[in-house]
Amino acid sequence: MIKLHDKHFKPFLSEAQIKAAVKKVADQVAADYKDETPIFVGVLNGSFMFVSDFLKEYQHPCEVSFVKLSSYQGLTSTGIVETLLDVSEDIEGRSVIILEDIIDTGRTLKKLIHLFSKANVKEFKVASLFYKSEIYNGEYTIDYVGIDIPDKFIVGYGLDYNELGRNLKEVYQLNQKHMINLVLFGKPGAGKGTQADFLKDKYNLKHISTGDLFRYNMKNDTELGQLAKSYIDRGDLVPDEVTIKMLQDAVEKNPDASGFIFDGFPRTTAQAKALDAFLSTKEMKIDATIALEANDEVLIQRLLERGKVSGRSDDQDESKIRNRFDEYNQKTAPLKDFYEAQNKFHSVNGIGAIDEITHRLAKVIEEL
């Protein structure tokens, strides 16, 4: 995921896929024009990378020129195509092939056709690296196409969002605002924190750990921190509504997040219902709960090793570790039933290399 200005974009086409598409177009054009010297006309600004790579693949005599048109501002077309750089006049009797980075509605193409209709060219054809066939009006023939793509806003490889992104080697697609809200479960030592860090970066999610929230609010002596501390000092459990209010504050402080990873809450069915009720007020919902599963004996050894470094007493005593596992099992079992009833519970193998586990988690998320 990358961010340009105020928008996030996700990977769409790899460098290898783009190169293959460029070669495909060059080979098709070469089959038709290798025995003459055509004029290739690139459409600026977007086509500069396409034209450059196209010429590297086109190993036959040719000439190159450019025109500059514009119809986009930000994410949308203005519907008005301006001619900023006109075509050379020395094209009479020549075969002209337009090299477009992308053709969508066809407005820019219509302007190009109008430009060349004034010139007495021998032949006029259009090659486009990317082609949105589902929205193209079909008025003119597109003679050569690299890749037919869906109607999504893309950047990279010459294409921009408010002038950013043209220099990217890959193509990225606008990440439409689709919230992904996850609850992450896992026994101590299962690697929740590590995986949450990878997932939040990969999907632009905000990781909300209730433990971190309590520590932040109490350290900064916020109103909620003072309230929570008053219960803790009396030896009482902090009421769910206080925790929910902390979660609410964290959600509202991150309006640009594409979703949230809730870690450490809910721990009971009542809390799960309270979380659902809160999210519904924001027109949000939990999309999936994911449990990182691991063999107890493996986790015990992992925690004991961690305890040697962390100094945490509860990571150095095997009996304490097993007690924490028992507590987890008792609390998670009803939550598993609650989310399974909603078809939202997913179990993922938490043993293996970190990137392997991340891949397993990503597979669940991508299918949501």
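Residues numbered from 1 in each chain as written. Predicted model: local features only at pLDDT ≥ 70, side-chain atom pairs only at ≥ 80, totals over all residues. Heavy atoms only, no water.

**Notes on the overall build of the chain**
Going by this rule: Per the convention used, a helix needs a DSSP run of H or I reaching at least four residues, while a strand needs a run of E reaching at least two, with both numbered from the N terminus. Only C-alpha atoms enter the radius of gyration, while the globule expectation follows 2.2 Å times N to the 0.38, with N the number of residues. Categorising residues by exposure relies on relative accessible area from a 1.4 Å probe, with only protein chains included: less than 20% of the type maximum marks a residue as buried, more than 50% marks it as exposed, and the intermediate range marks it as partly exposed. Note on contacts: a residue pair qualifies if any of its non-hydrogen atoms lie within 4.5 Å across the two residues. Per-residue and other accessible areas follow the Shrake-Rupley method at a 1.4 Å probe size, with only the shown protein chains counted as cover for residues.
In terms of regular secondary structure, the chain is built from eleven helices and 15 strands. Whereas a compact globule of 368 residues would reach a radius of gyration of roughly 21 Å, the chain reaches 29 Å, over 25% beyond that. Across its three principal directions, the C-alpha atoms of the chain cover 90 × 40 × 35 Å. Scored against the burial criterion, the 368 residues of the chain give a buried share of 46%. Here the analysis covers contacts within the chain between residues at least 6 apart in sequence; of these, 70% occur between residues at least 24 apart. By element, 48% of the accessible surface of the chain is carried by carbon and sulfur atoms, the whole surface being about 18800 Å².

**Brief notes about the packing of aromatic side chains**
Short version of the rule: Any pair of Phe, Tyr and Trp rings, taking the six-membered ring for Trp, is counted once the centres come within 6.5 Å. Such a pair is stacked with planes under 30 degrees apart, edge-to-face with planes over 60 apart, and tilted for the rest. A ring is considered to have a charge above it if a Lys NZ or an Arg CZ atom is located within 6 Å of its centre and within 35 degrees of its normal.
Counted according to the given criterion, the structure contains ten aromatic pairs. Ring plane angle 50 degrees and centroid distance 5.9 Å describe the contact between Phe9 and Tyr161, whose orientation is recorded as tilted. Taken together, the residues span a long stretch of sequence, with Phe9 in strand β2 (residues 7-13) and Tyr161 in the loop between β9 (154-155) and β10 (171-174) at a distance of 152 residues. Accessibility classification places Phe9 together with Tyr161 in one group, the buried group. Among the aromatic residues, those joined into a cluster by ring pairs are Phe40, Phe50, Phe54 and Tyr58. Above the ring of Phe325, the side-chain terminus of Lys187 is found at 5.4 Å from the ring centroid. Its guanidinium or amino end placed over the ring of Tyr231, Arg234 lies 4.9 Å from that ring's centre, counting from NZ or CZ.

**Section: the sheet that holds β2**
Whether parallel or antiparallel, the strands of a sheet pair through hydrogen bonds between backbone atoms. Just so we agree on the cut-off: Strands are treated as partners if at least two bridges between them are detected by DSSP.
Pairing is antiparallel across the open sheet formed by four strands, whose spatial order is β1-β2-β10-β9. Both outer strands of the open sheet, β1 (2-4) and β9, are each paired with one neighbouring strand and no more.

**Concerning the packing of helix α1 (residues 15-33) against helix α2 (residues 48-57)**
How we decide: Angular values range over 0 to 180 degrees, each being the angle between N-to-C directions of two axes fitted as lines to C-alpha atoms, with helices fitted over their stretch in contact. The labels follow the angle: roughly parallel below 35 degrees, roughly antiparallel above 145, roughly perpendicular from 65 to 115, and oblique for the rest. Definitions for this section: a left-handed crossing has its near helix turned counterclockwise from the far helix by less than a right angle. A right-handed crossing has that turn clockwise. Lys, Arg, Asp and Glu make up the charged group, whereas Ala, Val, Leu, Ile, Met, Phe, Trp, Tyr, Cys and Pro make up the nonpolar group; the residues left over, Gly among them, are polar.
Direction vectors running N to C along α1 and α2 enclose 55 degrees, while the axes themselves pass 9 Å from each other. In terms of orientation, α1 lies oblique with respect to α2. In this structure, α1 meets α2 at a crossing whose hand is right-handed. Facing Val22, Lys23, Val25, Ala26 and Val29 of α1, the residues of α2 in contact are Phe50, Asp53, Phe54 and Glu57. Per-class residue counts for the contact of α1 with α2 are six nonpolar, no polar and three charged.

**Observations concerning the pairing of β10**
Each regular strand shows side chains that alternate between the opposite faces of the sheet. Relative to β10, β2 runs antiparallel, the two sharing four bridges. Directly across from Pro11, in β10, lies its bridge partner Tyr172. As judged from the two bridges shared by β9 and β10, these two strands associate in the antiparallel manner. Pairing of Val155 across the sheet is with Tyr172, part of β10.

**Overview of helix α11 (residues 354-366)**
Keep this limit in mind: By this rule the span expected of a helix is its residue count minus one, scaled by 1.5 Å. The arc under discussion is defined with respect to the helix axis, by the directions toward the C-beta atoms.
Between its terminal C-alpha atoms α11 stretches 18 Å, which fits the 18 Å expected from 13 residues at 1.5 Å a residue. Three or more residues of α11 are buried, namely Ile357, Thr358, Leu361, Ala362, Val364 and Ile365. Buried positions in α11, seen along its axis, are confined to an arc of 155 degrees and lie on one side of it. For α11, the exposed residues lying more than 90 degrees away from the buried face are Asp355, His359 and Glu366. Taken together, the buried residues of α11 touch β11 (182-186), α4 (192-203), β14 (288-293) and β15 (345-349).

**Digging into the pattern of salt bridges**
For clarity, the threshold we go by: By salt bridge we mean one thing: a side-chain nitrogen of Lys or Arg within 4 Å of a carboxyl oxygen of Asp or Glu.
According to the stated counting rule, one finds 25 salt bridges in the structure shown. Close ionic contact of Arg166 with Asp160 constitutes a salt bridge, the shortest N to O distance being 3.1 Å. Asp160 shares its class with Arg166; the two are buried. In this structure, Arg322 engages Glu297 in a salt bridge whose closest nitrogen and oxygen atoms are separated by 3.1 Å. Taken together, the residues span a long stretch of sequence, with Arg322 in helix α10 (residues 318-340) and Glu297 in helix α9 (residues 296-310) at a distance of 25 residues. Residues participating in the shared-partner salt-bridge network are Asp160, Glu163 and Arg166.

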